[in-house]
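Below, each chain spelled out in residue letters.
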Amino acid sequence: MATIPITKRGAEMLKEELHRLKTVERPAVIAAIAEARAQGDLSENADYDAAKDRQGFIEGRIQEIEGKLSVAQVIDPSQVDGGGKVVFGATVELEDEESGDTVKYQIVGEDEADLKQGLINISSPIARALIGKEEGDTAEVQAPGGIRRYEVVAVSYV
């Protein structure tokens, strides 16, 4: 399996979620299953079915996170030397050539992307269009409303 890039912050978030699932969620659902079993007939026990479903979800998520962390390539954006180019982990300030609006995005891994916080997925159309660009370059992005052009105003690694 190929490595997946993730920022240091994103890896920490996944590790925290994994820890919570193993130390809080898993024991809670095991207790809920035991309690439902104590109620008797399992064939018509909705609490038991719900607890088993929740247990399946938790175990699946634990496996998913462990799998991602095992193939993760953790990148600290502040240690990246992109030579002024847009690379994974870079924070990019863009100006929409049509409207003049400026936005700031950091290019991050899939699990940490959050557009409201300015964190965009490395595989998103805008991130793919920006990779390799430098200050002053123009990136063309195929958006639902047509092609949008953005000028790269600044590139930083924080």
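Here is what the cut-offs are and how they apply
- Residues numbered from 1 in each chain as written.
- Predicted model: local features only at pLDDT ≥ 70, side-chain atom pairs only at ≥ 80, totals over all residues.
- Heavy atoms only, no water.
- Pairing = 2+ DSSP bridges.
- Helix = DSSP H or I, 4+ residues; strand = E, 2+ residues; numbered from the N terminus.
- Axes fitted to C-alpha atoms, helices over the stretch in contact; angles between N-to-C directions.
- Contact = heavy atoms within 4.5 Å.
- Core = buried A, V, L, I, M, F, W, Y, C linked by side-chain atoms within 4.5 Å.
- Buried < 20%, exposed > 50% of the residue type's maximum accessible area, 1.4 Å probe, protein only.
- Expected span 1.5 Å × (residues − 1).
- Bend = angle between axes of the 7 residues up to and from the residue.

Draft legend 1. Summary view of the sheet that holds strand S3 (residues 91–96). Pairing in this open sheet of five strands is mixed, and the strands run S5-S4-S3-S7-S6 from one edge to the other. Since the sheet does not close on itself, it has two edges, and those belong to strand S5 (119–121) and strand S6 (138–143), each with one partner. Pairs of neighbouring strands in the sheet enclose a mean axial angle of 45 degrees, with direction left out of account. Sheet topology note: the S3/strand S7 (residues 146–156) ladder contains six bridges and is antiparallel.

Draft legend 2. Fine view of the pairing of S6. Of the strand pairs in this sheet, S6 and S7 are connected by six bridges, and their pairing is antiparallel. Residue pairing in the sheet places Val141 in a bridge with Arg148 of S7. Where S6 folds back onto S7 in an antiparallel hairpin, the turn is made up of two residues.

Draft legend 3. Layout of the environment of Gly132. Note that Gly132 resides in the loop between helix H3 (125–130) and S6. In this structure, Gly132 is in contact with Lys85 and Val86, ignoring residues within four places of it in sequence.

Draft legend 4. Fine view of the nonpolar core. Ranked by internal contacts, the top residues of the largest apolar core, which has 19 residues, are Leu94, Ile107, Ile126 and Leu130. Elements with a minimum of two residues in this core: S3, strand S4 (102–108), H3, S6 and S7. The dominant element in this core, judged by the number of residues it contributes, is H3, at four residues. Non-local contacts of Ile126, meaning those with residues more than four positions away in its chain, are made with Leu94, Tyr105, Ile120, Val141 and Tyr150.

Draft legend 5. Layout of helix H1 (residues 8–38). Taking 1.5 Å per residue as the helical rise, H1 with its 31 residues ought to reach 45 Å, and the 44 Å between its terminal C-alpha atoms agrees with that figure. Largest kink in H1: about 40 degrees, centred on Leu21. Of the surrounding elements, those touching the buried residues of H1 are strand S1 (4–7), helix H2 (46–71) and strand S2 (72–75). Phi for Gly40, located one or two positions after H1, is positive at around 110 degrees.

Interpretation note: all reported values are geometric properties and have no functional meaning in isolation.
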